[in-house]
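Chain by chain, the residues:
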Amino acid sequence: MRERFWERFDLAELTDEEWEALCDGCGQCCLLKFQDEESGDLAVLNVACELLDIASCRCGDYDNRFAKVPDCTQLTPERIDDFRWLPKSCAYRRVAEGRKLAAWHPLIAGGPERMHRKGVSVRSFAVSQREVPEEELEEHIIAILPIDA
């Protein structure tokens, strides 16, 4: 990877390896979300996709995630504006907005532990989708995000 690529290149100019490395690994994008059809608001749950390894905050089957989880969405440089729900801490959002990476980001801190200690990741509060019956999902809403339609 190119040195400090996140500071020197636009998202669209990153290699696949750099794009993947930019992910801070917080797991927040892997939390289940439901969009209200009338208001457009997005309900975020503390329930993580069944493939998320909550301890590491990484996908347990990244290469096959789209086949195993049809609702899994792929973030790309071209679609960054479609993901307005990304947390302000997200490296993709930060770089797209012209902001620097946070000091806890694994590319800056040398690994993910600082991010986990800072409480940025879902490690401390997420539960697996495998553990929550569908009829109980609504009880797991942790935030409502207003999303412009």
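This text goes with the structure placed above it.
Turning our attention to the nonpolar core. Grouped together as the largest cluster of nonpolar side chains are 19 residues, with contacts concentrated most on Leu11, Leu14, Leu22, Leu75, Leu86 and Tyr92. Listing elements by their share of this core, those giving two or more residues are helix 1 (5-8), helix 2 (16-22) and helix 4 (91-96). At 3 residues, the largest contribution of residues to this core is made by helix 4. In this structure, Leu22 is in contact with Phe5, Trp6, Leu11, Leu14, Ala91, Tyr92, Val95, Leu101, His105 and Leu107, ignoring residues within four places of it in sequence. Counting residues in each nonpolar core, the second largest holds 8 residues, with Ile54, Cys57, Val122 and Ala126 among its members.

There is a patch of like negative charges on the surface, built from Glu134, Glu135, Glu136, Glu138 and Glu139. By the element assignment, Glu139 lies in the loop between strand 5 (127-128) and strand 6 (141-145). The exposed category is assigned to Glu139, whose relative accessible area is 63%.

This brings us to the side chain of Asp61. Mapped onto the elements of the fold, Asp61 is located in the loop between strand 4 (58-59) and helix 3 (65-68). Looking at Asp61, the relative accessible area reads 16%, which means it is buried. In this structure the side chain of Asp61 is engaged in a polar contact, spanning 2.9 Å, whose partner is the side chain of Asn64.

Glancing now at the packing of aromatic side chains. All chains considered together, the criterion is met by 3 aromatic pairs. Between the aromatic rings of Phe5 and Trp6, the centroid separation amounts to 5.1 Å while the plane-to-plane angle is 85°, which identifies the pairing as edge-to-face. Overall, the relative accessible area of 1% leaves Phe5 in the buried class. Considering the side-chain rings of Phe83 and Trp85, the 5.6 Å spacing of their centres and the 65° angle between planes classify their relative orientation as edge-to-face. Trp85 matches Phe83 in its accessibility class, with the two residues each being buried. In this structure, Arg2 packs its charged tip against the face of Phe9, placed 3.7 Å from the ring centre. Its end group placed over the ring of Trp85, Lys33 keeps NZ or CZ at 4.5 Å from the ring centre.

About the cut-offs
Residues numbered from 1 in each chain as written. Predicted model: local features only at pLDDT ≥ 70, side-chain atom pairs only at ≥ 80, totals over all residues. Heavy atoms only, no water. Core = buried A, V, L, I, M, F, W, Y, C linked by side-chain atoms within 4.5 Å. Buried < 20%, exposed > 50% of the residue type's maximum accessible area, 1.4 Å probe, protein only. Helix = DSSP H or I, 4+ residues; strand = E, 2+ residues; numbered from the N terminus. Contact = heavy atoms within 4.5 Å. Patch = residues over 30% accessible without salt bridge, like charges linked within 9 Å, V, L, I, M, F, W, Y side chains within 5 Å. Areas by Shrake-Rupley, 256 points an atom, 1.4 Å probe, with all protein chains shown as cover. Salt bridge = Lys/Arg side-chain N within 4 Å of Asp/Glu carboxyl O. Lys, Arg positive; Asp, Glu negative; His and termini not counted. Charge placed at Lys NZ, Arg CZ, Asp CG, Glu CD. Polar contact = N/O pair within 3.5 Å; in protein donor to acceptor, adjacent residues only side chain to side chain. Phe/Tyr/Trp six-rings, centres within 6.5 Å; stacked < 30°, edge-to-face > 60°. Lys NZ or Arg CZ within 6 Å of the ring centre and 35° of its normal.

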